[in-house]
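Letter by letter, the chains look like this.
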Amino acid sequence: MQTPVPPNSLRLNVGAFTTVVELVGPGASPQSWALPIGVDALWPASQRGEGPSALHVENAIQEVEDQIQRLHRCIPVGSRLVLAFDNLATMQRHGIIHRMADQRISLNDIEQEYQLLAARAVGAPSAAGSGFDDARGDALVLILRECMHHLGFDAVHIDG
């Protein structure tokens, strides 16, 4: 019986001001990139407590897209997107990480979290109280959403 070959993994470690991306696969040397995007870098410090404005969200989307576009051609088809478990600390509500099942979060679930972020950014009453315990969770949602959309992933797998 032949052992299945594990897929390539695009591993994200999202820091405060830098996201380290590493492509790891069987039989290949790892490649890595340090992108100047992070959970404290996407909007001004004055916006972190109350959440970003709609303009800050739009600017952050453009910034993240600009940084990840160069990765697209480097990622082999069939790769998995993997996030370091420690990064999830910002995506909690009352100590619970929502929308995670079987050590993965689907694109649809990330998109729903992004829609809540966008609604809060424009002051929608329906989104009141939907924020994370740590305001940096919004930045992580935006980074994950853009990576998943533009790099072709349908889920992010949690490592560790």
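Residues numbered from 1 in each chain as written. Predicted model: local features only at pLDDT ≥ 70, side-chain atom pairs only at ≥ 80, totals over all residues. Heavy atoms only, no water.

Caption draft 1: How the structure looks around the overall build of the protein. Helices and strands together make up the secondary structure of the protein, namely four helices and six strands. Counting helices and strands in the order they occur from the N terminus, the protein gives β-β-β-α-α-β-β-α-α-β. By the compact-globule yardstick of 15 Å for 160 residues, the protein fits well, its C-alpha radius of gyration being 16 Å. The dimensions of the protein, computed from C-alpha atoms along their principal axes, are 55 × 30 × 20 Å. Residues counted as buried form 42% of the 160 residues belonging to the protein. Once local pairs closer than 6 in sequence are excluded, the contacts in the protein between residues at least 24 apart make up 64%. Within the structure as shown, the protein displays about 8,300 Å² of accessible surface, and the carbon and sulfur contribution to it stands at 51%. For the protein, the distance from the average position of its 11 positive side-chain charges to the average position of its 18 negative side-chain charges is 3 Å. (Helix = DSSP H or I, 4+ residues; strand = E, 2+ residues; numbered from the N terminus. Rg over C-alpha atoms; globule rule 2.2 N^0.38 Å. Buried < 20%, exposed > 50% of the residue type's maximum accessible area, 1.4 Å probe, protein only. Contact = heavy atoms within 4.5 Å. Areas by Shrake-Rupley, 256 points an atom, 1.4 Å probe, with all protein chains shown as cover. Lys, Arg positive; Asp, Glu negative; His and termini not counted. Charge placed at Lys NZ, Arg CZ, Asp CG, Glu CD.)

Caption draft 2: Spatial organisation of unusual backbone geometry. The phi dihedral of Gln 103 falls on the positive side, at around 60°, and the residue is not glycine. With respect to the secondary-structure elements, Gln 103 resides in the loop between strand S4 (80-84) and strand S5 (104-106). On the accessibility criterion, Gln 103 (39% relative accessible area) is partly exposed.

Caption draft 3: Region of the structure containing the environment of Glu 111. The topology assignment puts Glu 111 in helix H3 (residues 107-121). Since its relative accessible area comes to 18%, Glu 111 is described here as buried. As a C-alpha pair, Glu 111 and Met 148 span 37 residues in sequence and 9.7 Å in three-dimensional space. Ignoring any residue separated from it by four or fewer positions in sequence, one finds Glu 111 in contact with Arg 145 and His 149.

Caption draft 4: Spotlight on the pattern of salt bridges. Applying the stated criterion to the full structure yields seven salt bridges. The salt bridge involving Glu 113 is made with Arg 93; its shortest N-O contact spans 2.5 Å. On the criterion of sequence distance, the pair formed by Glu 113 in helix H3 and Arg 93 in the loop between S4 and S5 is long-range, its members being 20 residues apart. You can call Arg 93 buried: its relative accessible area is 11%. Of the charged contacts, one joins Arg 145 and Glu 111 as a salt bridge, the two residues approaching to 2.8 Å between their closest N and O atoms. On the criterion of sequence distance, the pair formed by Arg 145 in helix H4 (residues 136-151) and Glu 111 in helix H3 is long-range, its members being 34 residues apart. Note on accessibility: Arg 145 and Glu 111 belong to one class, buried. (Salt bridge = Lys/Arg side-chain N within 4 Å of Asp/Glu carboxyl O.)

Caption draft 5: Structural detail: H4. Between its first and last C-alpha atoms H4 spans 22 Å; for 16 residues at 1.5 Å apiece the expected length is 22 Å, and the two agree. Within H4, 13 of the 16 residues are buried, which leaves it mostly tucked inside the rest of the structure. Backbone geometry just downstream of H4 places Gly 152 in the positive-phi region, at approximately 80°. (Expected span 1.5 Å × (residues − 1).)

Caption draft 6: Region of interest: the nonpolar core. Counting residues in each nonpolar core, the largest one holds 40 residues, and the members touching the most others are Leu 10, Leu 42, Leu 83, Met 91, Leu 142 and Leu 144. Elements supplying a minimum of two residues to this core: strand S1 (9-14), strand S2 (19-24), strand S3 (31-35), helix H2 (54-68), S4, H3, H4 and strand S6 (155-159). When residues in this core are grouped by element, the largest group, nine residues, is from H4. Sequence-distant contacts of Met 91, that is, excluding residues within four places in its chain, are made with Ile 96, Ile 97, His 98, Ile 105, Ile 110, Phe 132, Gly 137, Leu 140, Val 141 and Leu 144. (Core = buried A, V, L, I, M, F, W, Y, C linked by side-chain atoms within 4.5 Å.)

Caption draft 7: A look at the state of the cysteines. Tallying each qualifying case throughout the model produces zero disulfides. Free cysteine Cys 74: the closest other cysteine sulfur is in Cys 147, separated by 13 Å. When its relative accessible area of 28% is taken as the criterion, Cys 74 is described as partly exposed. Take Cys 147: its relative accessible area is 3%, and that puts it in the buried class. (Disulfide = S-S within 2.5 Å.)

Caption draft 8: Representation of the sheet that holds S2 in the model. Read from one edge of the open sheet, six strands run S3-S2-S1-S4-S6-S5, paired in mixed fashion. At either end of the open sheet lies a strand with only one pairing partner, and these are S3 and S5. Strand after strand, the sheet turns through a mean of 25° between neighbouring axes, direction not considered. Most of the contacts of H3 go to S5, to which it runs at about 70°, and overall it touches S5 and S6. (Pairing = 2+ DSSP bridges. Axes fitted to C-alpha atoms, helices over the stretch in contact; angles between N-to-C directions.)

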